[in-house]
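Geometric and topological summary
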Amino acid sequence: MFPSYNDFETEIEPEELRKLTDAVLTKYGYDFGNYAQSSFKRRVIVVLRKHGIKSMDVLIQKIIHDPIFFEQFIHDITVNTTEMFRDPTFFKALKTLVFPVLNTRSEFNIWHSACSTGEEVVSLAILLKEENLLHRAKVYATDINHSVLKKAESGRFPLRNLDLYTQNYNNTDPKGKLSDYYKIVDNEIVFHRELIEHVRFKHHDLAVDHQFFKFDLILCRNVMIYFNQKLQNRVFELLHASLFLNGFLALGAKESLIWCKIADKFESVSDHEKIYKKVKL
Amino acid sequence: MHGFDEANIKKNKFEIVVIGGSAGSFPVVSRMLEKLNPAFKLPIVMCLHRLKDKREGFKEALEIKSVLPVVEPNDKDLIEPGKVFIAPANYHLLIETKERFGLATTELIQYSRPSIDVLFDSCADVFMDKALSIVLSGANKDGAFGVKRIKKKGGFVMVQDLEECSMTTMPEAAINAAKPDMILPSMKILEYLNCL
Ligand SMILES: C[S@@+](CC[C@H](N)C(=O)[O-])C[C@H]1O[C@@H](n2cnc3c(N)ncnc32)[C@H](O)[C@@H]1O
């Protein structure tokens, strides 16, 4: 069942959220203190309700004393919604605006910086393969959530989404058929290993971790909407530092970098598809 | 002549208007935006459910008659007067701070994304008694929890007169959840807004 707002009478005050994020930071080193307050509060309410926990103090005690519960908490707090070829026109734009530039290089690096369960990674790999670019790509895929990374590594997705994924793929102006790339096994779509065997899946927290490599293309889609502006600014600094000059940055459909402090170091490649290019060091 | 008792009009009290509706609300909203005073000085933020196959062109359709530009905000865009903001398809629209919007793709609430409850609840948290909320015609209960939160934080609640609604589930639920400050036909609601 969908959670119904009418059910939760749980009220959370900002100070209580602060107590929670402070406790998590001290104990585990994860910093949720600069997540967007409006949506973070709602995530916490969902957790309280899911476990029938009545007060913030009880939640904090449980988190501090039970690392397994904490992993589950991370899973529930982070929003993992994703799909293959999410926003097909975006992937089409990557092909026409970014691939030709990548094609001029003998090798290039790509970072999926909040990859969730990996649908975005496989989607891009398919398109790279169709343009005969895949073997030249070094790909990192990272997330804060260990359990989605594990799923992403498996390259398996639930069968129920196949129609949507096929439709999305067909809207990217593809060269082949989606069915060229998978088998169906035990009610799951199992993608060919060659699409992800070269991908390094790795834990990386945009809120606290640092640059680890340099990239020609970074996808950071639909994660910064969960951050407040202070944290967004930190992430933009990190992404900027992780890009080669003239490297590309792709954001989610409703995200934009106009409000970030270093906006002038980027140039828009496609306003509509939220593709930017690093033009200044 | 607006036909309201001056004492009932809380001039200069509000800082934001939030509107929710679903089935049957489109023509109502469209007409309100046509008759709105072009100098209206509060930001208007709307969450209207849309049918799955009618996602595209919604903003454009609303804009045809509107006296103010209709905008689907991006994350962290400024909340400003002189514009009508509508929640983009498939995203929850939230009031993040008094200055800025937030967006989220978290689970559906009341079978809906965008959800009126989510918008109103976040608006109540941030704008408290400076919020004016309006619930229009609709076929589910989204918005009821939202107006309750608005009321709780001292905000103002208006609901479209059931007689006029093509679908009454939503306004009825809102009336039951929070004792509305006013229940009026849509053109009266509009007159009220134009007097603020
Ligand atoms: C909505 S998904 C986006 C998936 C994919 N990029 C897309 O656009 O479909 C957001 C992901 O961000 C991850 N995330 C949240 N906070 C993060 C952080 N601080 N560092 C890295 N990843 C984070 C979540 O675990 C989740 O998998």
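What counts, and at which threshold
Residues numbered from 1 in each chain as written. Chains lettered and ligands numbered in written order. Predicted model: local features only at pLDDT ≥ 70, side-chain atom pairs only at ≥ 80, totals over all residues. Heavy atoms only, no water. Contact = heavy atoms within 4.5 Å. Salt bridge = Lys/Arg side-chain N within 4 Å of Asp/Glu carboxyl O. Polar contact = N/O pair within 3.5 Å; in protein donor to acceptor, adjacent residues only side chain to side chain. Helix = DSSP H or I, 4+ residues; strand = E, 2+ residues; numbered from the N terminus. Nonpolar A, V, L, I, M, F, W, Y, C, P; charged D, E, K, R; others polar. Pairing = 2+ DSSP bridges. Buried < 20%, exposed > 50% of the residue type's maximum accessible area, 1.4 Å probe, protein only. Right-handed = clockwise from strand over helix to strand, strands pointing away. 1 Å grid on protein atoms, 1.4 Å probe; cavity = no way out; pocket = protein on both sides within 12 Å on 5 of 7 lines; lining within 4 Å. Points joined across faces, edges and corners; volume = space filled by probe spheres on them. Domains from an automatic or database assignment. Near = heavy atom within 4 Å. Areas by Shrake-Rupley, 256 points an atom, 1.4 Å probe, with all protein chains shown as cover. Axes fitted to C-alpha atoms, helices over the stretch in contact; angles between N-to-C directions. Left-handed = near helix turned anticlockwise from the far one by under 90°. Buried area = accessible area lost by both parts, 1.4 Å probe.

Side note on the interface of chain A and chain B
Many authors give the size of an interface as the accessible area that is lost as the parts come together. Listed per partner, the contact involves 35 residues of chain A and 31 residues of chain B. Here chain A is connected to chain B by five salt bridges. A salt bridge links D121(B) to R42(A), with the shortest nitrogen-to-oxygen separation between them at 2.9 Å. Summed over the shared surface of chain A and chain B, the number is 14 residue pairs in polar contact (both at pLDDT 80 or more). Going through the elements one at a time, α2 (37-50) and α9 (229-241) of chain A are the ones with two or more residues in the side of chain A that touches chain B. No other element matches α2(A), which puts seven residues into the side of chain A that touches chain B. In terms of residue class, the side of chain A that touches chain B is made up of 15 nonpolar, 11 polar and nine charged.

Here's the deal with the pairing of strand β10 (residues 275-278) of chain A
All names here are of chain A. With three bridges joining them, strand β8 (residues 243-251) and β10 adopt antiparallel strand pairing. Each residue of the ladder has a partner; that of A250, found in β10, is I275. Here strand β9 (residues 266-270) runs beside β10; their pairing, made up of four bridges, is antiparallel. Looking at β10, one finds that E267 is bridged to K277. Counted between consecutive antiparallel strands, the loop separating β9 from β10 contains four residues, among which K274 sits at a positive phi close to 60°.

Some words on the pairing of strand β7 (residues 215-220) of chain A
Residue and element names in this part refer to chain A. Counting buried positions along β7 yields six of six residues, so the element is predominantly enclosed. Sheet topology note: the strand β1 (residues 108-112)/β7 ladder contains three bridges and is parallel. Bridge pairing in β7 links I110 to L217. As defined by bridge partners, β7 adjoins β8 across five bridges and the pair is classed as parallel. From the neighbouring strand, I218 faces β8, where its bridge partner is L249. In this fold, β7 hands off to α9, which returns the chain to β8; that crossover is right-handed.

Description of the layout of surface pockets
In this structure, the second largest pocket spans a volume of roughly 340 Å³. Around the second largest pocket, the lining comprises 22 residues; the ones closest to its centre are Q37(A), S38(A), E96(B), D125(B) and V126(B). Within the residue set of the lining of the second largest pocket, elements represented by two or more residues are α2 of chain A together with α3 (116-127) of chain B. The element that contributes the greatest number of residues to the lining of the second largest pocket is α2(A), accounting for four residues.

Looking at empty space enclosed by the protein
Residue and element names in this part refer to chain A. Tallying each qualifying case throughout the model produces seven cavities of 30 Å³ or more. Lining the largest cavity are 27 residues, with V79, A114, D143, N222 and V223 positioned closest to its centre. Of the residues forming the lining of the largest cavity, the biggest block, three residues, is contributed by α2. Of the residues in the lining of the largest cavity, the class split is 11 nonpolar, 10 polar and six charged. There are two domains that each give the lining of the largest cavity at least three residues, and those are domain 1 (5-77) and domain 2 (88-278).

Notes on the site of the ligand
All names here are of chain A. Neighbouring the ligand are 21 residues, the closest being Y35, T82, R86, D143 and N222. One of the backbone nitrogen or oxygen atoms of A114 is found 2.9 Å away from a nitrogen atom of the ligand. In this structure, a nitrogen atom belonging to the ligand sits 3.0 Å away from a side-chain N or O atom of E120. In isolation the ligand offers 600 Å² of accessible surface; the protein chains occlude 98% of this area.

Digging into the packing of helix α1 (residues 26-35) of chain B against helix α6 (residues 186-195) of chain B
Residue and element names in this part refer to chain B. Put simply, α1 and α6 touch, their axes get as near as 10 Å, and they point 35° apart. Relative to α6, the crossing made by α1 is right-handed. Contacts from V28, R31, M32 and K35 in α1 reach S186, M187, I189, L190, L193 and N194 in α6. For the contact of α1 with α6, a count of residues per class yields six nonpolar, two polar and two charged.

Concerning α6(B)
Within α6(B), burial applies to S186(B), I189(B), L190(B), Y192(B), L193(B) and C195(B). Next to the buried residues of α6(B) lie β1 (16-21), α1, β7 (131-135), β8 (156-160) and β9 (182-184) of chain B.

Structural notes on the side chain of S113(A)
All names here are of chain A. Residue placement: S113 occurs in the loop between β1 and α6 (119-130). Residue S113 is classed as buried on the basis of its relative accessible area, which comes to 1%. Sequence-distant contacts of S113, that is, excluding residues within four places in its chain, are made with T142, L206, I218, L219, C220 and L239.

Things to note about the domain arrangement of chain A
Residue and element names in this part refer to chain A. Domain boundaries in chain A define domain 1 (5-77) and domain 2 (88-278). The interface is formed by 12 residues belonging to domain 1 together with 15 residues belonging to domain 2. Roughly 1,100 Å² is buried in total at the junction of domain 1 and domain 2, and carbon and sulfur atoms are behind 54% of that figure. Per-residue buried area on domain 1 facing domain 2 is highest for Y30, N34 and Y35; these three make up 48% of the total on that side. Linking domain 1 to domain 2 there are zero salt bridges. One can count five residue pairs in polar contact (both at pLDDT 80 or more) joining domain 1 with domain 2. Among the elements that take part in the side of domain 1 that touches domain 2, helix α4 (residues 67-77) stands out by supplying three residues, more than any other.

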